[in-house]
Amino acid sequence: MNSYRISIIHFSIKKLILCCIIFLVTQHTFSQDKTIETSGDILFVALPAAALGATFIKGDSKGTWQFTKGFLTNVAVTMSLKLLIDKQRPNMENNNAFPSGHTSVTFQSASFIQRRYGWKYGIPAYVLSSYTGFTRVNADKHDVIDILAGAAIGIGSTYLFTTPYQQEHMELSFGKTDDTFLIGFKFKF
C-alpha cells in the first residue's frame, strides 16, 4: 500500500472520529426531526440496491451470488437475534431493538462494496451506513449497543462470502513451432 493511500485512510479515520464526536454532542438536538429518520429508511433500501446493482452493471455474476449469500445470512442472523434477545426499544414501541436491522443491512451492503470493489467505493458507503445508524438512535429506535451489534453482524456476514473483484487484465499464452517454444504475456490497463 503506498503512502498516499495510507494518508487517505488516516485522514478518513480522523473525519470519522470527528463525525462520531459531533454525533454524540448533537444526537438529542434533532430528536423531533422526522426527516432524519426518513432518510435512514431510504438508505436502508438504497444501499443494498446500489450494492446489488453494481454487480449487475459490472456483469459480476459471482459478486451477485456473494452479495445474495451475505445478505440472506445477515437478515437471518439479525432477525433470529431480535426474536431471541427480545430487547425493548428506547421508545418502548416493541421488543425488537437488538440488533439494529437497518444498521446490519446498510453495513452489510457497505462492507460488500468495500470488500468486492475497494475502499474508493467503500468509504462513502460506510459513511452512509454510519449515518443510518445515527438516524436510528436519533429516532429513539435503538441505542448505541444495538447499532454496533448490527454493524458487526452486517460486516461479518459479508466477510464470510465476499472476495475481492478480479478483472481479467492479464493473459499468458504459449505457442510452439517446429523447434521453438513461445511464451506471450499481455497486460490490459
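All values derive from a computational prediction rather than experimental measurement.

Novice: I'm lost on the overall build of the chain in this one. Help?
Specialist: Summing up its helical and strand segments, the chain has six helices and two strands in all. Helices and strands in the chain line up, N terminus first, as α-α-α-α-α-α-β-β. A total of 189 residues make up the chain; the buried ones form 34% of that total. For the chain, the share of sequence-separated contacts (at least 6 apart) that also reach a separation of at least 24 residues comes to 67%.

Novice: In this structure, what is going on with the nonpolar core? I would like to understand it.
Specialist: As a rule of thumb, soluble globular proteins bury nonpolar side chains together. Counting residues in each nonpolar core, the largest one holds 11 residues, listed as L47, A51, F67, F107, A110, F112, I113, Y117, A125, Y126 and A151. For this core, the secondary-structure elements that each account for two or more residues are α2 (34-57), α4 (101-117) and α5 (119-138). For this core, the element with the most residues is α4, which contributes five residues. Residues in contact with A110, not counting those within four places in the same chain, are A125, Y126 and S129.

Novice: Please explain the packing of α2 against α4 as it appears in this structure.
Specialist: Between α2 and α4, the shortest axis-to-axis distance is 9 Å and the interhelical angle comes to 30 degrees. Overall, the two elements α2 and α4 adopt an arrangement that is roughly parallel. As α2 runs across α4, the sense of the crossing is left-handed. Only G101, H102, V105, T106, S109, F112, I113 and Y117 of α4 make contact with α2, whose side of the interface consists of G40, D41, L43, F44, L47, P48, A51, A54 and T55. Per-class residue counts for the contact of α2 with α4 are 10 nonpolar, six polar and one charged.

Here is what the cut-offs are and how they apply
- Residues numbered from 1 in each chain as written.
- Predicted model: local features only at pLDDT ≥ 70, side-chain atom pairs only at ≥ 80, totals over all residues.
- Heavy atoms only, no water.
- Helix = DSSP H or I, 4+ residues; strand = E, 2+ residues; numbered from the N terminus.
- Buried < 20%, exposed > 50% of the residue type's maximum accessible area, 1.4 Å probe, protein only.
- Contact = heavy atoms within 4.5 Å.
- Core = buried A, V, L, I, M, F, W, Y, C linked by side-chain atoms within 4.5 Å.
- Axes fitted to C-alpha atoms, helices over the stretch in contact; angles between N-to-C directions.
- Parallel < 35°, antiparallel > 145°, perpendicular 65-115°, else oblique.
- Left-handed = near helix turned anticlockwise from the far one by under 90°.
- Nonpolar A, V, L, I, M, F, W, Y, C, P; charged D, E, K, R; others polar.

In short, shape yes, function no, at least from these values alone.
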